[in-house]
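# What the coordinates show
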Amino acid sequence: VQFVESGGGLVQPGGSLRLSCAASGFTFSSYVMSWYRQAPGKERELVAVIGSAGGSTDYADSVKGRFTISRDKAKNTVSLQMNSLKPEDTAVYYCNRRPPTSPWGQGTQVTVSS
């Protein structure tokens, strides 16, 4: 199993980023997928979930209405479109199955700051 996240960076408050995750080593279409994040000094938290068929999604209250999760079964990728970013969105973002499995990927750093 492998997860490779990309797309993070430094963005000003109110800006947007699109994260991508390439998953491999398992039957991608059979699993619920999720994005998680971990801010400095805090525990890792669930951000967004997408069903195995892609038809159902769910979000943490803190990102609802601003983030959109999607998946591409042909490419075995999961994406997270993040709009109206806030400083409190600063964290390392990870993708994984739901429930998560080991090993985790390296994550991608998102920093929201002026």
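Every value quoted in this text rests on a predicted model; they were computed, and no experiment measured them.

What counts and what doesn't
Throughout this document, residue positions are counted from 1 along each chain, in the order its sequence is written. Local features in this predicted model are restricted to residues whose pLDDT is 70 or higher, and side-chain atom pairs enter the listing and the counts only when it is 80 or higher, whereas totals over whole chains, interfaces and linings include all residues. Hydrogens and water are ignored here; the side-chain numbers use all heavy atoms of the structure. Paired strands are those between which DSSP finds at least two bridges. Segments assigned H or I by DSSP are reported as helices when at least four residues long, segments assigned E as strands when at least two residues long, and all are numbered from the N terminus. Note on geometry: axes are lines fitted to C-alpha atoms, helical ones only across the stretch in contact, with angles between N-to-C directions running from 0 to 180 degrees. Aromatic rings from Phe, Tyr and Trp, taking only the six-membered ring of Trp, are treated as a pair when their centres fall within 6.5 Å; an angle between ring planes under 30 degrees marks them as stacked, one over 60 as edge-to-face, and anything in between as tilted. Burial classes follow relative accessibility: with a 1.4 Å probe on protein chains only, a residue under 20% of its type's maximum area counts as buried, one over 50% as exposed, and anything between as partly exposed. We call a charge positioned over a ring when the NZ of a Lys or the CZ of an Arg lies within 6 Å of the ring centre and within 35 degrees of the ring normal. Residue contacts are defined here by distance: any two heavy atoms, one from each residue, within 4.5 Å place the two residues in contact. The definition of a nonpolar core used throughout is a set of buried Ala, Val, Leu, Ile, Met, Phe, Trp, Tyr and Cys residues joined through side-chain atoms within 4.5 Å.

A few words now on the sheet that holds strand β2 (residues 9-11). Strand order in the open sheet formed by six strands is β2-β10-β9-β4-β5-β6, with mixed pairing between adjacent strands. Sheet topology places β2 and β6 (57-59) at the edges, where each strand pairs with a single neighbour. On average, each strand axis in the sheet is inclined to that of its neighbour by 25 degrees, with strand direction left out of account. Of the strand pairs in this sheet, strand β4 (residues 33-38) and strand β5 (residues 45-50) are connected by five bridges, and their pairing is antiparallel. Each bridged residue has a counterpart across the sheet, and for R37 the counterpart in β5 is E45.

Attention shifts here to the packing of aromatic side chains. The full count for this structure, using the stated rule, is five aromatic pairs. Look at F3 and F26: their rings are 5.8 Å apart centre to centre, the planes differ by 55 degrees, and that puts the pair in the tilted class. Within this pair, whereas F3 is found in strand β1 (residues 2-6), its partner F26 is found in the loop between β3 (17-24) and β4, the two being separated by 23 residues in sequence. Overall, F3 belongs to the buried group, its relative accessible area being 2%. Plain terms: the ring middles of F26 and F28 are 6.4 Å apart, the flat faces sit at 45 degrees to each other, and that makes the pair tilted. Across this residue pair, the class does not change: F26 and F28 are buried. An aromatic cluster of three or more residues is present, and its members are F3, F26, F28 and Y31. Note that R44 overlies the ring of W104, its terminal NZ or CZ placed 3.8 Å from the centroid.

The residue S30 is located in the loop between β3 and β4 in this model. As a C-alpha pair, S30 and Q106 span 76 residues in sequence and 23 Å in three-dimensional space.

This part takes up the environment of V78. With respect to the helices and strands, the residue V78 is situated in strand β8 (residues 77-82). Given the relative accessible area of 0%, V78 is considered buried. Along the backbone, V78 and E45 are 33 residues apart, and their C-alpha atoms lie at a distance of 17 Å. Ignoring sequence-local partners within four residues, the contact set of V78 consists of L19, S20, C21, F28, M33, W35, I69, S70 and R71.

Within the largest apolar cluster, 27 residues are counted, with the highest numbers of intra-cluster contacts made by W35, V47, F67, I69, L80, M82 and Y93. Elements that contribute at least two residues to this core include exactly β3, β4, β5, β7 (67-72), β8, β9 (91-97) and β10 (108-112). Take this core: its biggest share by element is four residues, from β3. Once residues lying within four places of it in the same chain are set aside, the contact partners of F67 are R37, V47, Y59, L80, Q81, M82, N83, L85, D89 and Y93.

Attention now goes to the sheet that holds β1. Taken together, four strands build an open sheet; the order of strands is β1-β3-β8-β7 and the sheet is antiparallel. Each end of this open sheet is capped by a strand with a single partner; those strands are β1 and β7. Here the average twist between neighbouring strands, direction ignored, is 15 degrees.

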